[in-house]
Amino acid sequence: MNDRLNRATFLDGRRDKNRLRAEAWERDESMERLAALRDSDPAMYDRMGPAVHMSLGFYENDKKVAAKFGRDVNKGGK
């Protein structure tokens, strides 16, 4: 079912999901601090729950997509 939905076209054409993700991305200082914590103190980061790990993963994936589409991901994301 998911494969069918991914191949669907709309009246105005196919959706560019990555472009939409890039446009919606906003810099989140709390996520940036969490990424810094993960890099500086991995033991503390590992003690945090899976929801935190997933949230940071989604944030970082969207940040990479935004950078690919030319967004400035270092200073406010505009």
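Note: the structure precedes this text.
Model, not experiment: these values are computed from the prediction.

Engineer: Can you help me understand the packing of aromatic side chains in this one?
Structural biologist: Inspection of the entire model under this criterion finds one aromatic pair. Centre to centre, the rings of Trp25 and Tyr59 are 5.8 Å apart; their planes meet at 40 degrees, and the pair counts as tilted. With Trp25 in the loop between α2 (17-24) and α3 (29-40) and Tyr59 in helix α5 (residues 50-68), this residue pair connects regions lying 34 residues apart in the sequence. Residues Trp25 and Tyr59 agree in their burial class; the two are buried.

Engineer: Got a minute to help me understand the side chain of Glu32 in this structure?
Structural biologist: Assignment of secondary structure puts Glu32 in helix α3. Excluding anything up to four places from it in sequence, Glu32 contacts Arg27, Tyr59 and Lys63.

Engineer: Teacher, can you tell me more about the pattern of salt bridges here?
Structural biologist: Pairing between side chains of opposite charge can happen when their charged atoms approach one another. Evaluated as defined, the whole model comprises seven salt bridges. Residue Glu29 is joined to Arg27 by a salt bridge in which the shortest nitrogen-to-oxygen separation is 2.8 Å. Here the salt bridges share partners, and the residues they tie into one network are Arg27, Glu29, Glu32 and Lys63.

Engineer: Could you clarify how one ought to interpret the packing of α2 against α5 in this entry?
Structural biologist: Two packed helices can be described by the angle between their axes and the distance between those axes. Two numbers describe how α2 lies on α5: the axes approach to 8 Å, and their chain directions differ by 100 degrees. One finds that α2 runs roughly perpendicular with respect to α5. In this structure, α2 uses Asn18, Arg21 and Ala22 to contact α5, whose residues at the interface are Asn61, Asp62, Val65 and Ala66. Taken together, the residues of the contact of α2 with α5 sort by class into three nonpolar, two polar and two charged.

Engineer: Is there a simple way to think about the packing of α3 against α5 in this case?
Structural biologist: Running from amino to carboxyl end, α3 crosses α5 at an angle of 110 degrees, the nearest separation of the two axes being 10 Å. Of the possible angle classes, the one that applies to α3 and α5 is roughly perpendicular. Touching Met31, Glu32, Leu34, Ala35 and Arg38 of α3 are Val52, Ser55, Leu56, Tyr59, Glu60 and Lys63, all from α5. A per-class count over the contact of α3 with α5 returns six nonpolar, one polar and four charged.

Engineer: Please explain the environment of Lys75 as it appears in this structure.
Structural biologist: One can find Lys75 in the segment after α5. With relative accessibility at 68%, the residue Lys75 sits in the exposed group. Taking the C-alpha atoms as reference points, Lys75 and Arg27, separated by 48 residues in sequence, lie 7.9 Å from one another.

Engineer: Help me understand the nonpolar core in this model?
Structural biologist: One broad rule of soluble globular proteins: the nonpolar side chains tend to lie buried together. Counting residues in hydrophobic clusters, the biggest one holds 11 residues: Ala22, Trp25, Met31, Leu34, Ala35, Tyr45, Leu56, Tyr59, Val65, Ala66 and Val73. Mapped onto this core, the elements with two or more residues apiece are α3 and α5. Ranked by residues supplied to this core, first place goes to α5 with four residues. When sequence neighbours within four positions are dropped, the list of residues in contact with Met31 reads Ser55, Leu56 and Tyr59.

Reading guide: rules and limits
Residues numbered from 1 in each chain as written. Predicted model: local features only at pLDDT ≥ 70, side-chain atom pairs only at ≥ 80, totals over all residues. Heavy atoms only, no water. Phe/Tyr/Trp six-rings, centres within 6.5 Å; stacked < 30°, edge-to-face > 60°. Helix = DSSP H or I, 4+ residues; strand = E, 2+ residues; numbered from the N terminus. Buried < 20%, exposed > 50% of the residue type's maximum accessible area, 1.4 Å probe, protein only. Contact = heavy atoms within 4.5 Å. Salt bridge = Lys/Arg side-chain N within 4 Å of Asp/Glu carboxyl O. Axes fitted to C-alpha atoms, helices over the stretch in contact; angles between N-to-C directions. Parallel < 35°, antiparallel > 145°, perpendicular 65-115°, else oblique. Nonpolar A, V, L, I, M, F, W, Y, C, P; charged D, E, K, R; others polar. Core = buried A, V, L, I, M, F, W, Y, C linked by side-chain atoms within 4.5 Å.

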